[in-house]
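# Descriptive structure summary
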Protein chains: 2
Amino acid sequence: MSWIVEQSGFDPERITINGNKFMLGNGALGYRGTLEEFTKEQLTACTPAGLYDKVGDQWREPVNAPNGLSTRWFYNGEPLSLLSSGYESHEQSLNIRNATFHRATTFATQSGGKAEIRSTRFVSMSRLDLIVLKVDVRCSEDAELTVETGIDGDVWDINGPHLEVFETVEKDGIVSLSALTHELRQTVSVAEGVVLAGIDGEETAVRTDKGAYRKIVFRCAAGQTYSFTKYISVRYGEDRSATTTAAANSVQEALNTGYESLLAEHEREWEQKWAASDVEIEGDDEAQFALRYSLYQLHIIAPTESEKVSIPARGLSGQVYKGAVFWDTEMFMLPFFLYSQPEVARNLVMYRVHTLDGARRKAAEYGFRGAYYAWESQESGDDACTLFNVTDVFTNRPMRTYFRDKQIHISADAAHGIWEYYRFTGDDSALLEGGAEVILECARFFHSYSYYKVDKGRYELLDVTGPDEYHERVNNNAFTNAMVGRTLETALQTIELLQAKHPAFYEQLIEKLAYAEDLEHLRAMHSELYVPQPDSETLLIEQFDGYFKLEDVELPTLKSRILNKNEYLGGGNGLATTTQILKQADVVLTLHLLKDRYSEDVKKANWQYYEPRTEHGSSLSSCIYALVASDIGSPDWAYKYFMKTATIDLTGDSKQYVGTLYIGGTHPAANGGAWMAAALGFAGIRLQEGTIVVKPALPQGWKSISLPVRILGQSFHLHLTSSEVAIEADASNRSAQVFEIGGQQLAAEPGNRLAIRL
Amino acid sequence: MSWIVEQSGFDPERITINGNKFMLGNGALGYRGTLEEFTKEQLTACTPAGLYDKVGDQWREPVNAPNGLSTRWFYNGEPLSLLSSGYESHEQSLNIRNATFHRATTFATQSGGKAEIRSTRFVSMSRLDLIVLKVDVRCSEDAELTVETGIDGDVWDINGPHLEVFETVEKDGIVSLSALTHELRQTVSVAEGVVLAGIDGEETAVRTDKGAYRKIVFRCAAGQTYSFTKYISVRYGEDRSATTTAAANSVQEALNTGYESLLAEHEREWEQKWAASDVEIEGDDEAQFALRYSLYQLHIIAPTESEKVSIPARGLSGQVYKGAVFWDTEMFMLPFFLYSQPEVARNLVMYRVHTLDGARRKAAEYGFRGAYYAWESQESGDDACTLFNVTDVFTNRPMRTYFRDKQIHISADAAHGIWEYYRFTGDDSALLEGGAEVILECARFFHSYSYYKVDKGRYELLDVTGPDEYHERVNNNAFTNAMVGRTLETALQTIELLQAKHPAFYEQLIEKLAYAEDLEHLRAMHSELYVPQPDSETLLIEQFDGYFKLEDVELPTLKSRILNKNEYLGGGNGLATTTQILKQADVVLTLHLLKDRYSEDVKKANWQYYEPRTEHGSSLSSCIYALVASDIGSPDWAYKYFMKTATIDLTGDSKQYVGTLYIGGTHPAANGGAWMAAALGFAGIRLQEGTIVVKPALPQGWKSISLPVRILGQSFHLHLTSSEVAIEADASNRSAQVFEIGGQQLAAEPGNRLAIRL
């Protein structure tokens, strides 16, 4: 089976899509799949996780670091670049197994000579500030070659310029370019060391306003290969000198270690990742590849060493979506890590702990108590979302949207993630280190947000936006109310847990938060919260109050009303707003998340009702339909949605604009959704009160699906066919784990293998 | 002083505006100020009060009756019409004292001859189905004249055709044209009798699909005047034959009575109206005329004999605004009638009693209990407002608006009107005949609509639209909450009154409405309702939750952003929606209605804050700013708003379009507002717990203002200057009435005259 994404030839139209598709990263740095000769015009971007900046009135967004791989070639003075030169062939590929990017281009020069440039690069998974590039060049005829390689500080900015006060330092052959961010004066330093192999030429230092290059002119003998290797360290920090020194030191260490060893340690990390997470599908190569590619995309953006960053909605693929962390992380990505790499999952949920104060500020800003997590969260947890988040294509005016104000379910999602980490690992450290506080503050927020309807004797949640953002400002969104109920429940469970296991900590926490009165509020609200239920006749759950009264138009009819292909379908005057067409799974998402609470008939009725009414205008939608379809025993209904989800970053087929706003980039939620559709959907795995339930429902043609899972600190490998579930319990496991398969409960003892016929 | 509105010459551009400006009416019929030769193209309309029809999916609207005044002239075969002929002179005038319309046109024919046509018409104030037209013609040379006069059933319809199955009957020279309305199959009958004077010619009956004419050809001697008089009866009803017969009989009676007697009885009615209501202003002829004209407009549409109709927002000037009754009636027109003609006021408030079931249906439709009065009310009280009430000028798509769904204050306004009638007259019959039931049902609706905020310990009103319709779906609109509070108070006062004076009736009512539990709800809500209060520092009352956080843009800046002159400034994406610019008085209206509850400083601070932020996009706005300006002792600030209000139907300067919807027509709310600004503002009259308070604040140049008032069944005439208030108590009064003037309390004994120096 191939692990290679590849492409022959060069199509300028695909530069942006390939930037996403061929991306490298290590969770701390993202590097778009562009070529060495590209600049900001081609959306070249080296994006460090967790660094944001704001200029003027424009929105805050990630900072792209100077591009340390920037390299320009000249053949007898004639530039070699796919953007301007003739070429005979061009191949580029990404090996997702070891996360290396390769290019091989044979340029055809005007003088008739040919120059072949091959390069390999990787963003080190063992040294998170390090990027390594190795370049070989060979000419068909003797020629004078010039290479200018260095650091390009003239970076892609949507709302910049973010970098200013550039400074270049050279010491012991290591060149460092540093700059300050506009808003918070953080230093971004990129250091570069170069090792030449076979190249013997004159080296000049070239310094521009925002760039530091070394220019080497050398004679190239026909047929001979000349090489150089670059080691780049990208760092940011408060202190300019310390940051710059650290980057240079890191390059020095890399130089000392050398290319082969660095590659080897990088590959070892990747081997471990795949061992912990790879899903094997027999019988469907296309699905196999797309799913692996999805996991690759998750691995390159997962924070392995920091709990201060989480995964942005567009990963580390640039500045789109403000580099912000959405609910996508908890709902669509976290499950993959919970099942495979709980240490990453812990980082993700701890991010919410570290941004609690931002969430408190947001709640206070809107006049509420507790914690109201940001729809678009950056490093501080303050909401980066603007009130005018879309531009009206008809008037070119900013359009007031309510993403920021009304998506209260974010707090429920954050609380859910924290509790899920505890539930999957049994590790209550995240609760003690702030997670419990987050949960209680979210519950307090919901009480503060809620209203009591006296003549109906119930708490309601009014004026909210659910997952279906085409319907803003609705009352009693089924998903929101259900998830708020879940938060209240979780808060009560947290209290119980702390009282039982950590009574002193509990007392301190309640006192610190002045929470005594809130406890009563929580209990009252928990017992009287209105959560929309299935209708007794139709079994349908109404998405929100009044949804069924909206125009029940068919999706093609709605689409036929579109006057401008980029027009936003939601908002005040959006075409979908007044109809039953939804952007993405909403009720159906509830059926997935709280799957134990709804009967199969209810799931079927709602899937069938909402499916034709869903536009899937969000990449968060398809996987949920796939999951619930599998759950109700219709994996073949699920399959097309699974494939749509799993291939999104391979095909580049996704919404590129909302209004006039570019929203391209990678789709980690869909990547995580692909894993969920496969593992939780087709393989049918779930954790239910300490028991691992497995209920496979494989699509046609799938012979088997195999995957490792790590639950409650123990490891298992599952191999499922339509007729059998085989479980290997790792020999290092501490104790037996109960599985429920086909209605049967079995204990998997450490080191044992069980096979259950269905 | 002139009582004449006049115009010389003919400007086709002003046909529509003149249709409003020269209108006649008697509260049962409106007849637009068009000419006899005009048709539906010129928006000729004879509009009976209370008759509505719906065709297909379009909105319900008033039905225009066939035009019984339709008349065409031919001079030697050449048509005489201002629309197509040459003319030497044209004058038209409206005498507002006796409500007669006159035209005098001298046509210049192609052959060089001249024909002078003079006509007078009136819509009888003594016989409410009757319209009378007298026409004189004189030619400069001998000629053959043809007159075709009859009934034109091809009427102006916005969303018609409303009339079908036309039928013509002639009996004893009286021609009747009847038709059925499309939806409810009501018969509309127009009967016509003609008396010729000096005309001796051949008469032929001409019948077309929708018309019945008599054609008379006669020789006209040079210099000789020939005349005819038409008597038209316009009626509608369930039974075709009965309605038609009644119309014919009415014409027969008119024929028997004769023109001069009919005019005399009509004029007697008008004399009484003016005696009961005329306001005299010394020192400002322009204001005097504009104010009288405003009262004229109110008189011609006031229901004097029916409590089943009220006054539509555009009076009886055609089909605009669906012929619907809005809160305008209670808030802007009712005060004039309360002070001058309480019997008309009673009809207006009883209309809400007769439409209570419609309001109950609307409440139930939205899932609430009690009575939710229609934003646009027709004969049944069901809401004629559509959910898509404006068309987006940029996309030509219907725009979802929330006029219908969210203007809950209408129920408060209806309840307010009923209680005001009782307060001003001491007559509790309207309460006993259904008014109390309305008040209790409105209060019940508000409880059902409200939510309780547990952590703030208060009831709130969420998701409403206040008077400022540019801000839809807001929480805790100051006006709405204050008026809802007033309804709860009124409900409790009603209960007290009934318990004390009509205990058996009270018991029956509570039982009939199953209201026992609601009483508790009402008391709780009344004591815990949140009503936004002045800020302790700034004294400002926030228009709704979050208003002060909206963009604080200046009105000219906002207007500079307009891309299309007809674009709607409210709604989902409206330019005003996200700013502090308001359509019309909102907080300031509260300060007027509940003027005893706010200090002068609060009124000043809020007037000054909101005034520059008000667009006055509604004709309901200016008068309120005038009223509060007078109240805070700044009549000169008030004056421009008073004049804008009082001249609106004279100048025709008002918004003609919202989106693509025509909203022209007359402006009874502004007419009533002009009276309020003069009587309640400049004269400073108010009724406070049985005492008539008078606190004049005359604008510069006004020497005095005099007016009659009728309060608690007794009549007074007030004459006010800046230095003196003189009161004449009618000799027929039963008892002394307490006045409060300049801090002094005085009793006006029947027949006495008091003069108090200020």
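Look up: the structure comes first, before these words.
First, a word on what this report is: a plain description of the structure on this page. Keep in mind the model is a prediction, meaning the values are calculated, not measured.

This part takes up the overall build of chain A. In terms of helices and strands, chain A carries 20 helices and 34 strands. Against the 2.2 N^0.38 benchmark of 27 Å for 758 residues, chain A shows a C-alpha radius of gyration of 27 Å, consistent with a compact globule. On the principal axes, the C-alpha backbone points of chain A span a range of 90 × 60 × 60 Å. Looking at the 758 residues of chain A, the share that counts as buried comes to 65%.

The partner chain A presents 37 residues to the 37 residues of chain B that form the contact. Of the roughly 2,800 Å² buried where chain B meets chain A, counting both sides, 48% is carbon and sulfur surface. Of all residues in chain B, the largest losses of buried area upon contact with chain A belong to B:Arg397, B:Tyr451 and B:Asn573, amounting jointly to 25% of the total for that side. Counting every contact that joins chain B to chain A gives two salt bridges. Among the ionic pairs, A:Glu567 bridges to B:Arg397, the shortest N-O distance being 3.0 Å. On inspection of chain B and its partner chain A, the count reaches 16 residue pairs in polar contact (both at pLDDT 80 or more). Listing elements by their share of the side of chain B that touches chain A, those giving two or more residues are helix H10 (429-449), strand E23 (451-453) and strand E24 (458-460) of chain B. Here the residues of the side of chain B that touches chain A are counted per class, giving 13 nonpolar, ten polar and 14 charged.

Turning our attention to the relation of the copies chain B and chain A. Laying chain B over chain A is done by rotating through 180° and shifting 0.0 Å along the axis; what remains is an RMSD of 0.0 Å. Both chain copies can therefore be described as sitting about a two-fold axis. Using C-alpha coordinates, one finds that chain B approaches the rotation axis most closely at B:Gly572, a distance of 1.8 Å. Here 100% of the interface residues in chain B have copies in chain A that are interface residues too; the copies meet face to matching face.

With that out of the way, let us pick up the sheet that holds strand E8 (residues 78-80) of chain A. Residues and elements named next belong to chain A. Ordered in space as E8-E7-E13-E18-E17, the five strands form an open sheet in which the pairing is antiparallel. Since the sheet does not close on itself, it has two edges, and those belong to E8 and strand E17 (202-208), each with one partner. On average, each strand axis in the sheet is inclined to that of its neighbour by 25°, with strand direction left out of account. Sheet analysis places strand E13 (residues 143-152) next to strand E18 (residues 211-220), joined by ten bridges and oriented antiparallel. Residue Asp152 lies in a different strand from E18, and its bridge partner there is Gly211.

What follows is about helix H4 (residues 285-299) of chain B. With 15 residues, H4(B) extends 21 Å from end C-alpha to end C-alpha; this agrees with the ideal 21 Å at 1.5 Å per step. The element H4(B) is extensively covered by neighbouring structure, given that 13 of its 15 residues are classed as buried.

A few words now on the sheet that holds strand E2 (residues 24-25) of chain B. Residues and elements named next belong to chain B. Strand order across the open sheet formed by three strands is E2-E3-E4, with antiparallel pairing between neighbours. Across the chains shown, the open sheet's two edge strands, defined by having one partner strand only, are E2 and strand E4 (46-48). Pairing geometry for E2 and strand E3 (residues 29-31), over two bridges, is antiparallel. Each residue of the ladder has a partner; that of Leu24, found in E3, is Tyr31.

Quick look at the pairing of strand E1 (residues 4-8) of chain B now. All names here are of chain B. Side chains Val5 and Gln7 of E1 all project onto a buried face; the interleaved residues Ile4, Glu6 and Ser8 project onto a face where none is buried. Pairing analysis gives five bridges linking E1 to strand E9 (residues 87-95), with the strands arranged antiparallel. Bridge pairing in E9 places Ser8 opposite Glu91.

With that out of the way, let us pick up the pattern of salt bridges. Following the criterion strictly, the structure yields 106 salt bridges over all chains and no others. Within the structure, one salt-bridge network assembled from shared partners comprises A:Asp357, A:Arg360, A:Arg369, A:Glu437, A:Glu441, A:Arg444, A:Lys512 and A:Asp518.

Moving on to the environment of B:Ala212. All names here are of chain B. Within the secondary structure, Ala212 is located in strand E18 (residues 211-220). Each C-alpha atom, one on Ala212 and one on Gly68, is 9.3 Å from the other, the two residues being 144 residues apart in sequence. Ignoring anything within four residues of it in the chain, the contact list for Ala212 reads Gly150, Ile151, Thr168, Val175, Val206 and Arg207.

The next point concerns H10(B). All names here are of chain B. In this model H10 runs 29 Å from its N-terminal to its C-terminal C-alpha over 21 residues, within 8% of the 30 Å that 1.5 Å per residue would give. At Gly435, H10 shows its maximal bend, which comes to roughly 65°. In terms of residue burial, H10 counts as a mostly covered element, since 19 of its 21 residues are buried.

Quick look at the packing of aromatic side chains now. In this structure the tally under the stated criterion is 88 aromatic pairs over all chains. For the ring pair B:Trp270 and B:Tyr296, a centre distance of 5.5 Å and an interplane angle of 25° mean the geometry is stacked. Taken together, the residues B:Trp270 in helix H3 (residues 259-277) and B:Tyr296 in helix H4 connect sequence positions 26 residues apart. Note on B:Trp270: relative accessible area 0%, which makes it buried. Residue B:Tyr296 is classed as buried on the basis of its relative accessible area of 0%. Ring centres of B:Phe642 and B:Phe682 lie 5.4 Å apart, and the angle between their planes is 75°; this geometry places the pair in the edge-to-face category. In this pair, B:Phe642 sits in helix H18 (residues 635-646) while B:Phe682 sits in helix H20 (residues 668-682), placing the two residues 40 residues apart along the sequence. Each member of the pair, B:Phe642 together with B:Phe682, is buried. Ring-pair connections join several aromatic residues into one group, and the members of that group are A:Tyr321, A:Phe326, A:Trp375, A:Phe403, A:Tyr470 and A:Tyr568. Directly above the aromatic system of A:Tyr321 lies the positively charged group of A:Arg314, at a separation of 4.2 Å from the ring centroid.

This brings us to the pairing of E13(A). All names here are of chain A. The buried fraction of E13 is high, at nine of ten residues. Where strand E7 (residues 71-75) meets E13, five bridges bridge the pair, whose relative direction is antiparallel. Following the sheet pairing, Arg72 is matched in E13 by Glu148.

Right, let's talk about the environment of B:His616 for a bit. Residues and elements named next belong to chain B. Along the polypeptide, His616 turns up in the loop between helix H16 (600-610) and helix H17 (622-631). Relative accessible area serves as the criterion here: at 12%, His616 is assigned to the buried category. Residues His616 and Asp649 lie 33 residues apart in sequence; the distance between their C-alpha atoms is 16 Å. In contact with His616, other than residues within four places in its own chain, are Leu582, Lys583, Ser621, Ser622, Tyr625, Tyr641 and Lys644. At a separation of 2.7 Å, a polar atom in the side chain of His616 contacts the side chain of Ser621. There is a polar contact of 3.3 Å between the side chain of His616 and the side chain of Tyr641.

Procedures and definitions
Residues numbered from 1 in each chain as written. Chains lettered and ligands numbered in written order. Predicted model: local features only at pLDDT ≥ 70, side-chain atom pairs only at ≥ 80, totals over all residues. Heavy atoms only, no water. Helix = DSSP H or I, 4+ residues; strand = E, 2+ residues; numbered from the N terminus. Rg over C-alpha atoms; globule rule 2.2 N^0.38 Å. Buried < 20%, exposed > 50% of the residue type's maximum accessible area, 1.4 Å probe, protein only. Contact = heavy atoms within 4.5 Å. Buried area = accessible area lost by both parts, 1.4 Å probe. Salt bridge = Lys/Arg side-chain N within 4 Å of Asp/Glu carboxyl O. Polar contact = N/O pair within 3.5 Å; in protein donor to acceptor, adjacent residues only side chain to side chain. Nonpolar A, V, L, I, M, F, W, Y, C, P; charged D, E, K, R; others polar. Least-squares fit on C-alpha atoms with pLDDT ≥ 70 in both. Pairing = 2+ DSSP bridges. Axes fitted to C-alpha atoms, helices over the stretch in contact; angles between N-to-C directions. Expected span 1.5 Å × (residues − 1). Bend = angle between axes of the 7 residues up to and from the residue. Phe/Tyr/Trp six-rings, centres within 6.5 Å; stacked < 30°, edge-to-face > 60°. Lys NZ or Arg CZ within 6 Å of the ring centre and 35° of its normal.

Interpretation in functional terms is not warranted from these geometric data alone.
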